[in-house]
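Residue-level structure breakdown
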Amino acid sequence: MTTVALRDVSLIYPGGTVAVQDVNLSVADGEFMVLLGPSGCGKSSILRMVAGLQRPTRGQVVLGGAPADDVPARSRGVSMVFQDFALYPHLTVGDNIGFPLDVGGCLSAERTERITEVAKAFGIDDLLGRRPAELSGGQRQRAAMARAIVREPRVLLMDEPLSNLDAVLRSGLRGEIAGLARSLGLTVLYVTHDQIEAQTMADRIAVLRNGVLEDEGRPDEVYRNPATMHVAAFVGSPRMSLFKAYVQVVVDSHVALHIGGQTVELPWPDMRARAVAHYDGEDIAVGARTEALRPAPAGSSGPVLTGQVRHLEHHGHETLVSVDVGAWGVEPCGLHELRTGELVLRVRPDVRPAHGEYVGVRLCLEELHFFDLENGRRIGPRGRRR
Ligand SMILES: Nc1ncnc2c1ncn2[C@@H]1O[C@H](COP(=O)(O)OP(=O)(O)OP(=O)(O)O)[C@@H](O)[C@H]1O
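Residues numbered from 1 in each chain as written. Predicted model: local features only at pLDDT ≥ 70, side-chain atom pairs only at ≥ 80, totals over all residues. Heavy atoms only, no water.

**Section: the domain arrangement of the chain**
Assigned domains within the chain: domain 1 (4-225) and domain 2 (234-371). Summarising the inter-unit geometry, the C-alpha centres of domain 1 and domain 2 are found 39 Å apart. The junction of domain 1 with domain 2 conceals about 850 Å² of combined surface from both sides, 61% of it contributed by carbon and sulfur atoms. The interface formed by domain 1 and domain 2 includes 0 salt bridges. Viewed at the interface, domain 2 and domain 1 are joined by 3 residue pairs in polar contact (both at pLDDT 80 or more). Within the residue set of the side of domain 1 that touches domain 2, elements represented by two or more residues are α6 (195-201), β9 (204-209) and α7 (219-224). Looking at the side of domain 1 that touches domain 2 element by element, the count peaks at 3 residues for α7. (Domains from an automatic or database assignment. Buried area = accessible area lost by both parts, 1.4 Å probe. Salt bridge = Lys/Arg side-chain N within 4 Å of Asp/Glu carboxyl O. Polar contact = N/O pair within 3.5 Å; in protein donor to acceptor, adjacent residues only side chain to side chain. Helix = DSSP H or I, 4+ residues; strand = E, 2+ residues; numbered from the N terminus.)

Laid out in structure tokens, this is it:
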């Protein structure tokens, strides 16, 4: 096992597409790092550079503390698992798993022992005589992973390995892969656009957008304290509600946030009020996750917004209620499917507000997020690393 680092790495493809831009990233020995971001943000390009399949245009990939520029792909000790499994259809599962050992000239007894050992770890030791066409999707992916680790790679790279599987299988395999990687002490770089995979599997997440590393940290840190509004909108389900607020400083008293036709006051002693005050007379983006919102009688005093119920989503154990508070929604570019301008309130399943009904939503001020509308960056103290 080893460490992986990217130092000021950029990749510009012939034709001029900037796929990766000045990325600095370190993966510790035995760490499970997830690269998360929307399609086309440069995740696979990073994996290809670490694997040695692509040279960075600028910067350096460092493996185990040594620059890897001149180390060919086959000598890097890096294995890769793809979303389409990439098993050889004419070989049995056993021969597929053993293939990297054959290439490495492994002795026959050792080969058999090693194949059985990894197949057992993945629970497919009874399938070694079958061909890939005779396996389910989950079994194929297990076989592909067994093949990837049979030669005990220093680094395991996984490129959306679960995206071709159905939801039930995906959620089962998430825990299995992460657990196995940890028990084997593997250093892993795992690519996905699925934030639930990232949240549930990663030791640390690196969030990319347009080739730029926007945020990096433990899953709970990135969730609670996102560096930009793009990260805020991308991480978390249901998505953070983002809406515009006009800032007005009332000296020595509070900072007023005018949201649609309503006003919420940030008391002056609040450190974040001071940071938001720099935007006096301008619009900012306010972000609220469901946990920052509570139902309240419409028109209650305090930080309460009143709005109309637009949509109900029943999840069995809870209901998500979208409430239109008359504010402009903010849509971070690249997230076109984002629903905007509505707060998402979590209520008990037996609470059933009617469509069009006016309801009150109490805001927990400490849990609101504030972002600069121009550069998307968080406003106020971050309260964590960097
Ligand atoms: N061989 C190539 N030649 C030119 N441009 C490329 C090439 N491969 C990728 N790109 C471009 O580089 C950018 C990053 O692509 P990359 O595949 O790394 O993104 P990704 O985040 O892995 O996307 P996805 O999740 O869709 O696989 C995209 O704009 C893509 O179109």
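**Some points on the side chain of Asp 372**
For Asp 372, the location among the structural elements is in the segment after β20 (369-371). No salt bridge is formed by the buried Asp 372, whose closest oppositely charged neighbour, Arg 377, lies at an N-O distance of 8.8 Å. A distance of 3.2 Å separates a polar side-chain atom of Asp 372 from the backbone nitrogen of Asn 375. Contacts of Asp 372, omitting those with residues within four sequence positions, involve Met 229, Tyr 279, Arg 377 and Ile 379. (Buried < 20%, exposed > 50% of the residue type's maximum accessible area, 1.4 Å probe, protein only. Lys, Arg positive; Asp, Glu negative; His and termini not counted. Contact = heavy atoms within 4.5 Å.)

**Observations regarding the site of the ligand**
Taken together, Tyr 13, Thr 17, Ala 19, Pro 38, Ser 39, Gly 40, Cys 41, Gly 42, Lys 43, Ser 44, Ser 45 and Glu 160 are the residues near the ligand. In the model, an oxygen atom of the ligand is placed 2.8 Å from a nitrogen or oxygen of the Gly 40 main chain. One nitrogen or oxygen atom from the main chain of Cys 41 is found 3.0 Å from an oxygen atom belonging to the ligand. For the ligand, whose unbound accessible area comes to 640 Å², protein coverage reaches 59%. With 3 residues, the single largest contributor to the shell around the ligand is helix α1 (residues 43-51). Its residues placed into classes, the shell around the ligand shows 4 nonpolar, 6 polar and 2 charged. (Near = heavy atom within 4 Å. Areas by Shrake-Rupley, 256 points an atom, 1.4 Å probe, with all protein chains shown as cover. Nonpolar A, V, L, I, M, F, W, Y, C, P; charged D, E, K, R; others polar.)

**Details of the pattern of salt bridges**
Scanning the entire structure with this criterion turns up 15 salt bridges. Residue Glu 221 pairs with Arg 218 through a salt bridge whose shortest N-O separation is 3.6 Å. A salt bridge links Arg 224 to Asp 220, with the shortest nitrogen-to-oxygen separation between them at 3.0 Å. With Arg 224 and Asp 220 both in helix α7, this residue pair falls 4 residues apart, about one helical turn. By relative accessible area, which is 31% here, Asp 220 ends up partly exposed. Salt bridges linked by common partners bring Arg 218, Asp 220, Glu 221 and Arg 224 together as one network.

**Quick look at the sheet that holds strand β11 (residues 241-250)**
The sheet built from 5 strands is open, its strands ordered β13-β12-β11-β14-β20 with antiparallel pairing. At either margin of the open sheet sits one strand with a lone partner, and together these are β13 (262-267) and β20. If you compare each strand with its neighbour and ignore which way they point, the axes differ by 40 degrees on average. In this structure, strand β14 (residues 283-288) lies alongside β20, joined through 3 bridges in antiparallel fashion. Paired with Gly 287 across the bridge in β20 is His 369. (Pairing = 2+ DSSP bridges. Axes fitted to C-alpha atoms, helices over the stretch in contact; angles between N-to-C directions.)

**What to know about the environment of Gly 42**
When you line up the elements, Gly 42 lands in the loop between β3 (32-36) and α1. The exposure class of Gly 42 is buried, given its relative accessible area of 8%. Separated by 23 residues in the primary sequence, Gly 42 and Ala 19 have C-alpha atoms spaced 5.1 Å apart. What Gly 42 contacts, discounting residues up to four positions off in sequence, is Ala 19 and Val 20.

**Remarks on the pairing of strand β16 (residues 304-314)**
Where β16 lies against strand β19 (residues 358-363), 5 bridges are found, and the strand directions are antiparallel. By the bridge assignment, Gly 307 is partnered in β19 with Val 359. Pairing geometry for β16 and strand β17 (residues 319-324), over 6 bridges, is antiparallel. When the sheet's bridge partners are listed, Glu 313 is paired in β17 with Leu 320.

**Some thoughts on a negative patch on the surface**
A surface patch of like charges, here negative, comprises Asp 280, Glu 282, Asp 283 and Glu 374. If you trace the backbone, Glu 282 turns up in the loop between α9 (271-277) and β14. Given the relative accessible area of 41%, Glu 282 is considered partly exposed. (Patch = residues over 30% accessible without salt bridge, like charges linked within 9 Å, V, L, I, M, F, W, Y side chains within 5 Å. Charge placed at Lys NZ, Arg CZ, Asp CG, Glu CD.)

**A closer look at the nonpolar core**
In this structure, Phe 32, Ile 97, Ile 124 and Met 158 are the most contacted members of the largest nonpolar core, which totals 44 residues. When residues of this core are assigned to their parent elements, the largest contribution, 6 residues, is made by helix α4 (residues 137-149). Phe 32 has contacts with Met 158, Ile 177, Ala 178, Ala 181, Arg 182, Val 188, Tyr 190, Met 201, Ala 202, Asp 203 and Arg 204, leaving out every residue within four places of it along the chain. Of all hydrophobic cores here, the second largest spans 36 residues; its members include Ile 284, Val 286, Leu 345 and Val 347. (Core = buried A, V, L, I, M, F, W, Y, C linked by side-chain atoms within 4.5 Å.)

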